[in-house]
Amino acid sequence: MPNILLTLGLSLLLCGEAWFGYRISTLSSQQQEIKTDYSVSNNITFGILSVDQWREKMAAVVDEKVNQFNMTAWQKKELQKKVAKQLNTLVDKAVAEVNKPQKSIGGKLKKLAFNAVVDPEEIKAEVPNFAATIVDKINRPASKKRLKGIVNTKIDQLKKETFDNTEPASVTVKRHIYKKYHVASTAAFEKTINVQLSNIRKLMYIYTFGMIGCVLLALCLWLLLKKQVRLHTVLYILSLLFAFVLLLVGITSTIIEVDARIQSLNFTLLGEKLAFKNQVLFFQSKSITGIIKSLVGQPKPDAVLVGILILLFVIVLPVLRMMGKGILIWGREKYAENKLVRFLALDLGKWDMADVMVVGIAMTYIGLNGILQSQLSDLNIKEELLSTVTQNNSSLQPGYYIFIAYVAYVSVLSLILKRIKPIEV
């Protein structure tokens with residue numbers, strides 16, 4: 001009866017741990033998919049490095065300036081001066097052209113008539129009035145509308161001559177991603193993504209604490225039942241299943257994210273600011289199994305070798321080690337002296353590199369974080385016409401902490417194994 005009750009109680013606790021682990025893996029995959037879509041949509045290739053984006057933003061600024069243009073009193077005065085100067089120049093050129101030496105009788109008669117009838121000084125005296133009239137006509141609503149239309153037509157023509165009329169890749173990509181998330185604008189997409197990621201992050205940590213809590217409760221039973229020798233076999237076998245679930249979730253969930261982005265870039269053009277927000281420079285999200293797949297999938301033999309070694313020492317050997325411990329405890333006298341079982345249960349620990357993987361991931365994160373922080377800080381610019389702000393969102397994910405929990409838990413189980421009687425290890 002105690003064995004049955006213990007089995008039922010631990011089975012329920014194991015189911016709870018497995019459910020928490022399943023939810024963590026599911027949410028981890030969702031988070032990776034959402035962040036990947038976000039990084040594609042906001043990739044720097046489709047933003048700051050896109051000629052199409054710069055063309056659209058600059059054209060919008062020029063169009064706005066043209067449509068809002070109105071002459072001030074000072075500008076009208078200056079324009080009138082320039083028009084008057086041009087008119088005076090035209091008068092001087094016309095007089096000089098007529099007064100050139102003429103060889104023909106007709107030319108000489110025209111020159112004589114012009115000098116008899118036309119007084120250049122009288123014409124120049126009227127130039128300010130002519131200039132004022134021209135400026136007034138330019139500033140009439142109908143004239144300004146025609147001038148703005150001419151300028152806008154020239155701008156559109158320049159755009160067509162400089163770029164083809166095909167749809168930019170960024171528009172195609174964003175349309176596909178926006179449809180996936182049922183949004184129609186960048187603002188709605190940003191809001192939806194932030195809300196979803198915030199909810200996923202909260203749930204993942206809640207489930208992580210729940211999963212680790214189940215494991216701690218299982219360990220507490222060892223303290224309560226340390227004198228109940230007849231229950232140790234069932235307790236240890238089920239404890240190994242807890243470790244297996246931890247390992248499975250730890251290697252399949254995301255352990256590290258590398259996210260470097262330009263948070264904002266502001267550029268001043270014609271007094272107006274062109275802004276780019278959340279431009280993703282680099283994004284990668286990996287689990288241990290994801291790292292192995294990436295390494296094995298590469299054409300380089302050394303990368304394939306590293307992937308195989310990680311698979312062997314971080315996944316295969318730990319599983320064999322747990323199986324050996326289970327057989328050793330369950331078989332007792334029958335398998336207690338079996339060399340293969342004892343090797344798997346007791347001697348294989350020196351080849352188990354899960355703890356090394358924990359340290360390696362931590363050192364990788366520290367190194368990458370330091371490099372990114374240093375490189376991104378060089379991109380920070382604060383000038384009058386140009387300013388940029390970078391952001392490093394790299395982080396360790398719940399999968400890493402679950403993997404740490406697995407390493408710590410199996411270490412405790414190894415110590416427990418050495419104290420279980422009557423097996424001498």
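Structure shown above.
Residues numbered from 1 in each chain as written. Predicted model: local features only at pLDDT ≥ 70, side-chain atom pairs only at ≥ 80, totals over all residues. Heavy atoms only, no water.

Enquirer: Which residues make up the packing of helix α9 (residues 232-252) against helix α15 (residues 398-419), and what values go with them?
Expert: Two numbers describe how α9 lies on α15: the axes approach to 8 Å, and their chain directions differ by 155°. Our classification of the angle between α9 and α15 gives roughly antiparallel. With respect to the hand of their crossing, α9 and α15 are arranged in left-handed fashion. The segment α9 lies against α15, with Tyr236, Ser239, Leu240, Phe242, Ala243, Leu246, Leu247, Val249, Gly250 and Ile251 engaging Gly399, Ile402, Phe403, Ala405, Tyr406, Tyr409, Val410, Leu413, Ser414, Ile416 and Leu417. A per-class count over the contact of α9 with α15 returns 17 nonpolar, 4 polar and no charged. (Axes fitted to C-alpha atoms, helices over the stretch in contact; angles between N-to-C directions. Helix = DSSP H or I, 4+ residues; strand = E, 2+ residues; numbered from the N terminus. Parallel < 35°, antiparallel > 145°, perpendicular 65-115°, else oblique. Left-handed = near helix turned anticlockwise from the far one by under 90°. Contact = heavy atoms within 4.5 Å. Nonpolar A, V, L, I, M, F, W, Y, C, P; charged D, E, K, R; others polar.)

Enquirer: Explain the packing of helix α8 (residues 186-224) against α9 to me, using residue names and the numbers behind them.
Expert: Following both chains from N to C, one finds α8 and α9 inclined at 160°, their axes separated by 11 Å at the closest point. By the criterion of interaxial angle, the relationship of α8 to α9 is roughly antiparallel. In this structure, α8 meets α9 at a crossing whose hand is left-handed. Across from Met211, Cys214, Val215, Ala218, Leu221 and Trp222 in α8, the residues of α9 making contact are His232, Leu235, Tyr236, Ser239, Phe242, Val245, Leu246 and Val249.

Enquirer: So what about the side chain of aspartate 37? Which residues, and what values?
Expert: Tracing the backbone through its elements, the reader meets aspartate 37 in helix α1 (residues 2-41). Those residues within four positions of aspartate 37 in sequence are excluded, and the remaining contacts are Ile177, Lys180 and Tyr181.

Enquirer: Describe the packing of aromatic side chains, naming the residues involved and giving the relevant values.
Expert: Considering all chains together, one arrives at 9 aromatic pairs under this definition. Ring geometry for tryptophan 19 against tyrosine 207: centres 5.4 Å apart, planes inclined by 80°, an arrangement best described as edge-to-face. Within this pair, whereas tryptophan 19 is found in helix α1, its partner tyrosine 207 is found in helix α8, the two being separated by 188 residues in sequence. A relative accessible area of 12% places tyrosine 207 in the buried class. Taking the centre distance of 5.0 Å and the plane angle of 35° together, the rings of tyrosine 178 and phenylalanine 189 count as tilted. Placement of tyrosine 178 in helix α7 (residues 169-180) and of phenylalanine 189 in helix α8 is noted, with a sequence separation of 11 residues between them. Residue tyrosine 178 shares its accessibility class with phenylalanine 189, and that shared class is buried. Taken together, the ring pairs connect Tyr38, Tyr178, Tyr181 and Phe189 into an aromatic cluster. (Phe/Tyr/Trp six-rings, centres within 6.5 Å; stacked < 30°, edge-to-face > 60°. Buried < 20%, exposed > 50% of the residue type's maximum accessible area, 1.4 Å probe, protein only.)

Enquirer: Please give an account of unusual backbone geometry that cites residues and values.
Expert: In this model, histidine 182 sits at a positive phi of 55°, which is unusual for a non-glycine residue. For asparagine 278, which is not a glycine, the phi torsion comes out positive at approximately 50°. Here asparagine 278 shows up in strand β2 (residues 272-287).

Enquirer: Would you mind going over the nonpolar core in detail, with residue names and values included?
Expert: In terms of nonpolar packing, the biggest core is built from 66 residues, with Ile288, Phe403 and Tyr406 touching the most fellow members. Apart from the residues within four sequence positions on either side, phenylalanine 403 is in contact with Leu247, Gly250, Ile251, Ile288, Val314, Ala354, Met357 and Val358. (Core = buried A, V, L, I, M, F, W, Y, C linked by side-chain atoms within 4.5 Å.)

Enquirer: Got a sec to walk through the pattern of salt bridges? Specific residues and values, please.
Expert: Taken as a whole, this structure holds 5 salt bridges when the rule is applied. Put simply, aspartate 259 and arginine 261 hold a salt bridge, and the shortest N to O gap is 2.7 Å. Ionic contacts of the salt-bridge type, sharing partners, join the residues Glu33, Asp37 and Lys180 into one network. (Salt bridge = Lys/Arg side-chain N within 4 Å of Asp/Glu carboxyl O.)

Enquirer: Break down the pairing of strand β4 (residues 386-392) for me, citing the residues and quoting the values.
Expert: As paired strands, strand β3 (residues 381-382) and β4 are joined by 2 bridges and run antiparallel to one another. Counted as the bridge partner of isoleucine 381 is threonine 388 from β4. Taking the residues that link successive antiparallel strands as the turn, the β3-β4 hairpin has 3 residues. (Pairing = 2+ DSSP bridges.)

Enquirer: For a nonpolar patch on the surface, give the residues involved together with the corresponding values.
Expert: Residues Leu311, Leu312, Val316, Leu320 and Met323 make up a contiguous nonpolar surface patch of roughly 360 Å² in combined accessible area. Looking at the element boundaries, leucine 311 is found in helix α11 (residues 301-331). (Patch = residues over 30% accessible without salt bridge, like charges linked within 9 Å, V, L, I, M, F, W, Y side chains within 5 Å. Areas by Shrake-Rupley, 256 points an atom, 1.4 Å probe, with all protein chains shown as cover.)

Spatial relationships are all this shows, so hold off on functional conclusions.
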